[in-house]
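Remarks on the overall topology
Chain by chain, the residues run as shown.
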Amino acid sequence: MYGIKGYAAYADHARILGKESDEIYAFTHKALAALQDDSLGLMDYVNLAMETGRINLVTMELLNNAHTERYGHPVPTPVQLGTKAGKAILVSGHDLKFLEELLIQTEGKGINIYTHGEMLPAHGYPGL
């Protein structure tokens, strides 16, 4: 279940950017049904966990394609450390579309946007 939750978040981000995969949807249905099947044994669950990992890779590839098509290919970029005086918003998580919309809405308003953790790679995308 935790594996499904993990890749589902990334699949949702890809879907928001216009990318979907029937393979991901089909596996999600299969995995959720399997979790309710009392006849499965240990190796069935091991195999299901392995397939969940494979689907995670499929999902990450889908999300990478969505990101690079929209924001360009990331390049090494210096990230400013520290803060500036004034109003600010701290962006966490990994939703680049959300960050894009926030940057557009705050442009020219003197609001500093800060990132950390999973959002740090966003600095490398030319479109952001």
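Residues numbered from 1 in each chain as written. Predicted model: local features only at pLDDT ≥ 70, side-chain atom pairs only at ≥ 80, totals over all residues. Heavy atoms only, no water.

Observations regarding the side chain of Ser-21
Along the polypeptide, Ser-21 turns up in the loop between helix H1 (2-16) and helix H2 (22-34). At a separation of 3.2 Å, a polar atom in the side chain of Ser-21 contacts the main-chain amide nitrogen of Glu-23. Apart from residues no more than four positions distant in its own chain, Ser-21 is found in contact with Val-58 and Leu-62. (Helix = DSSP H or I, 4+ residues; strand = E, 2+ residues; numbered from the N terminus. Polar contact = N/O pair within 3.5 Å; in protein donor to acceptor, adjacent residues only side chain to side chain. Contact = heavy atoms within 4.5 Å.)

Notes on the side chain of Thr-28
Within the fold, Thr-28 resides in helix H2. Judged by relative accessible area, Thr-28 falls into the buried class, the value being 17%. Within the local environment of Thr-28, its side chain forms a polar contact with the side chain of Tyr-7, the two groups lying 2.7 Å apart. At 2.8 Å, the side chain of Thr-28 and the backbone oxygen of Ile-24 are in polar contact. Beyond its immediate stretch of four places on either side in the chain, Thr-28 contacts Ile-4 and Tyr-7. (Buried < 20%, exposed > 50% of the residue type's maximum accessible area, 1.4 Å probe, protein only.)

What to know about the pairing of strand E1 (residues 88-91)
As paired elements, E1 and strand E2 (residues 112-115) share four bridges and run parallel to each other. Bridge pairing in E2 places Leu-90 opposite Tyr-114. Once the chain exits E1 it traverses helix H4 (residues 96-106) before rejoining the sheet at E2, and the crossover so formed is right-handed. (Pairing = 2+ DSSP bridges. Right-handed = clockwise from strand over helix to strand, strands pointing away.)

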